[in-house]
Structures are given as structure tokens and as C-alpha cells.
Amino acid sequence: QVQLVESGGGLVQAGGSLRLSCAASGRAFGSYTMGWFRQAPGKGREFVAAITRSGGGTNYADSVKGRFTISRDNVKNTMYLQMNSLKPEDTADYYCASRNSILIATRSEQYESWGQGTQVTVSS
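About the cut-offs
- Residues numbered from 1 in each chain as written.
- Predicted model: local features only at pLDDT ≥ 70, side-chain atom pairs only at ≥ 80, totals over all residues.
- Heavy atoms only, no water.
- Helix = DSSP H or I, 4+ residues; strand = E, 2+ residues; numbered from the N terminus.
- Polar contact = N/O pair within 3.5 Å; in protein donor to acceptor, adjacent residues only side chain to side chain.
- Contact = heavy atoms within 4.5 Å.
- Salt bridge = Lys/Arg side-chain N within 4 Å of Asp/Glu carboxyl O.
- Buried < 20%, exposed > 50% of the residue type's maximum accessible area, 1.4 Å probe, protein only.
- Pairing = 2+ DSSP bridges.
- Phe/Tyr/Trp six-rings, centres within 6.5 Å; stacked < 30°, edge-to-face > 60°.
- Lys NZ or Arg CZ within 6 Å of the ring centre and 35° of its normal.

## A word on the side chain of Glu6
Along the chain, Glu6 falls in strand S1 (residues 2-7). Of note is the side chain of Glu6, whose polar atom sits 2.9 Å from the backbone nitrogen of Cys96. A polar contact is formed between the side chain of Glu6 and the backbone nitrogen of Gly117, at a distance of 2.8 Å. Contacts of Glu6, omitting those with residues within four sequence positions, involve Ser21, Cys22, Trp36, Tyr94, Tyr95, Cys96, Gly115, Gln116, Gly117 and Thr118.

## Some words on the pattern of salt bridges
By the definition in use, this model includes five salt bridges. Glu46 is the partner of Arg38 in a salt bridge, and the nearest nitrogen-oxygen pair spans 2.8 Å. Put simply, Asp90 and Arg38 hold a salt bridge, and the shortest N to O gap is 2.9 Å. Placement of the pair is Asp90 in the loop between strand S8 (78-83) and strand S9 (92-99) and Arg38 in strand S4 (residues 33-39), with a sequence separation of 52 residues. Judged by its relative accessible area of 0%, Asp90 falls in the buried class. Here the salt bridges share partners, and the residues they tie into one network are Arg38, Glu46, Arg67 and Asp90.

## Description of the pairing of S1
Of the two faces of S1, the one lined by Val2, Leu4 and Glu6 is fully buried and the one lined by Gln3, Val5 and Ser7 carries no buried residue. The sheet contact formed by S1 and strand S3 (residues 18-26) spans six bridges and is antiparallel. Looking across to S3, one finds that Val5 is bridged to Ala23.

## Details of the packing of aromatic side chains
Evaluation of the coordinates by the stated rule reveals four aromatic pairs. A ring pair is formed by Phe37 and Phe47, whose centres lie 5.7 Å apart and whose planes are at 70°; its orientation type is edge-to-face. Placement of the pair is Phe37 in strand S4 and Phe47 in strand S5 (residues 45-51), with a sequence separation of ten residues. Accessibility expressed as a relative area gives 1% for Phe37, which makes it buried. Here the aromatic cluster, defined as three or more aromatic residues joined through ring pairs, consists of Phe37, Phe47, Tyr111 and Trp114. Taking NZ or CZ as reference, Arg45 lies 4.7 Å from the ring centre of Trp114, over its face. One cation-aromatic arrangement involves Arg72 over Phe29; the distance from NZ or CZ to the ring centre is 4.4 Å.

## Details of the side chain of Thr33
Here Thr33 is to be found in strand S4. There is a polar contact of 2.5 Å between the side chain of Thr33 and the backbone oxygen of Ser101. In contact with Thr33, other than residues within four places in its own chain, are Ile51, Thr52, Arg53, Arg72, Ala97, Ser98, Arg99, Ser101, Ile102, Leu103, Ile104 and Tyr111.

See the structure below:
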């Protein structure tokens, strides 16, 4: 199992940027496919982006495509989510998750370990 801790959330105005980080400890980080999800108040957990073990493959939700970029540094055991052109509808708790598989997944139940989340608030 890998332990995950998110950071980098905060309050930002619409149109602004934030970079989230997900620090991993435990078993070899590079052996896990990783993902970002978010959950807005009163809504279910929503897929945001995922990245393969090497970082060579990515997948994005349509709602963030072209604005968000997922990346990872397997030496630093850290995954990132660069969020640009933020909108009020991006307001949510953001979670990172790991999956012991070579395949990218977009459903939350396909991930085994989760961080505690970091809050992102975008004001209009």
C-alpha cells in the first residue's frame, strides 16, 4: 500500500491558477497508476485526471481538458495537478488516488488508496 498526502489547495479568483501536489510514501511510487478526483459539496466524487506509471500516458475529464495538466516525478515520489483558468465550478475537495495496475482508470472504485484531500475554492 502507498500512503498519499495532498497539498496546494486554497482560495483563488476565477481565471487564476493553483498547483496541487500528492506526496507518496510506502511501496515504490513508480509501480502505481495515479489519479486525481474531486468532490464538490453535495455531489459525488468525480474523475479529473489520471496518469500512467511512467507518466507517458494521461487522461482527462472533458470539463478540465486544456486547463489542467497532470504530471508526476517518480524520483520525488510526487504527482502534480497544474490547474489554470480556474472556474467557480472547479470548487471542490481534490483527492489523489493510486492504483496497482498498468491501466489508467476513471472510476473511483478502481483505485485502492486515497489521500485525505485538499480544498480548492474558486471565487467569481
